[in-house]
Amino acid sequence: MYSQEDTIANQIKDLKTKYYNKNGSSIFFKNTQKMDCAAEIINNIPIYTLLKETIYIVKSTNQIYIKYEILKSFAAPSVYTIIINHISNLIEWCITNHGSFQLYINMNTFTITAANRYKELIQMFCEKSLQSNSVYHAKLQAIYLYNYPAIIPVLTQLFSAFVDSSARGKVVMVK
């Protein structure tokens, strides 16, 4: 028997397999194919079901957990605003119930090409949550990055313009 998370992961895996079996895999159009595959996943699994399994509050805490490894399967420009709104709703819930929030991001499988592919989403998140004039900046306790890639210093430079310096000091790297 599968847990609900396994069920979503398996559904995503099956949809990806079907997509690539039908459309092939191309080195030259890989980014486009990933976005098309994400659209296929969104068309077959309700976005709020995907979000509930991917970005959630750890029970009885102010900790918001983000599973990049699943998020990447359905993150596409057409749902970026929905993703940011979901995160914002969780942050607001944590602030209302705990006075602050923490982010835990499992970055397993994150690459430099992923940073480029999701740059707009990352920028939207940083501007809403990590700028000194943002709604949530003062209530952020820390951001914990797990399973981050070795290229993280380059990525930090890439996105540093969107993150207030005091927020950068709240990032904790966990291997």
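Residues numbered from 1 in each chain as written. Predicted model: local features only at pLDDT ≥ 70, side-chain atom pairs only at ≥ 80, totals over all residues. Heavy atoms only, no water.

**Q** What is the right way to read the sheet that holds strand β4 (residues 140–146) from this model?
**A** As a general point, the strands of a sheet are linked pairwise by backbone hydrogen bonds and lie either parallel or antiparallel. Here five strands make up an open sheet; going across it, the order is β1-β2-β3-β4-β5 and the pairing mixed. This sheet does not close on itself; its edge strands, each paired only once, are β1 (55–57) and β5 (171–174). Averaged over neighbouring strand pairs, the angle between their axes works out to 20° when direction is ignored. Here strand β3 (residues 101–106) pairs with β4 via six bridges, running parallel. Residue pairing for β4: Leu 103 is matched across the bridge by Ile 143. (Pairing = 2+ DSSP bridges. Helix = DSSP H or I, 4+ residues; strand = E, 2+ residues; numbered from the N terminus. Axes fitted to C-alpha atoms, helices over the stretch in contact; angles between N-to-C directions.)

**Q** I tried to follow helix α5 (residues 80–98) on my own but got confused; where do I start?
**A** Think of an α-helix as turning once every 3.6 residues; residues three or four places apart then point the same way. Along its 19 residues, α5 runs 26 Å from first to last C-alpha, staying within 8% of the 27 Å computed at 1.5 Å per residue. Of all the residues in α5, the buried ones are Tyr 80, Ile 83, Ile 84, His 86, Ile 87, Ser 88, Leu 90, Ile 91 and Cys 94. Of the residues one or two after α5, Gly 99 is the one with positive phi, at around 85°. (Expected span 1.5 Å × (residues − 1). Buried < 20%, exposed > 50% of the residue type's maximum accessible area, 1.4 Å probe, protein only.)

**Q** Would you mind showing me how to read the layout of surface pockets here?
**A** Unfilled space is identified by rolling a water-sized probe across the atoms. Empty space within the second largest pocket amounts to approximately 180 Å³. Lys 16, Tyr 20, Ser 25, Lys 30, Lys 34, Cys 37, Ala 38, Ile 41, Lys 72, Ser 73, Arg 117 and Tyr 118 together form the lining of the second largest pocket. Broken down by secondary-structure element, the contributors of at least two residues to the lining of the second largest pocket are α1 (4–23), α2 (30–44) and α4 (68–74). Looking at the lining of the second largest pocket, the element that brings in the most residues is α2, giving five residues. Grouping the amino acids of the lining of the second largest pocket by side-chain chemistry returns five nonpolar, two polar and five charged. (1 Å grid on protein atoms, 1.4 Å probe; cavity = no way out; pocket = protein on both sides within 12 Å on 5 of 7 lines; lining within 4 Å. Points joined across faces, edges and corners; volume = space filled by probe spheres on them. Nonpolar A, V, L, I, M, F, W, Y, C, P; charged D, E, K, R; others polar.)

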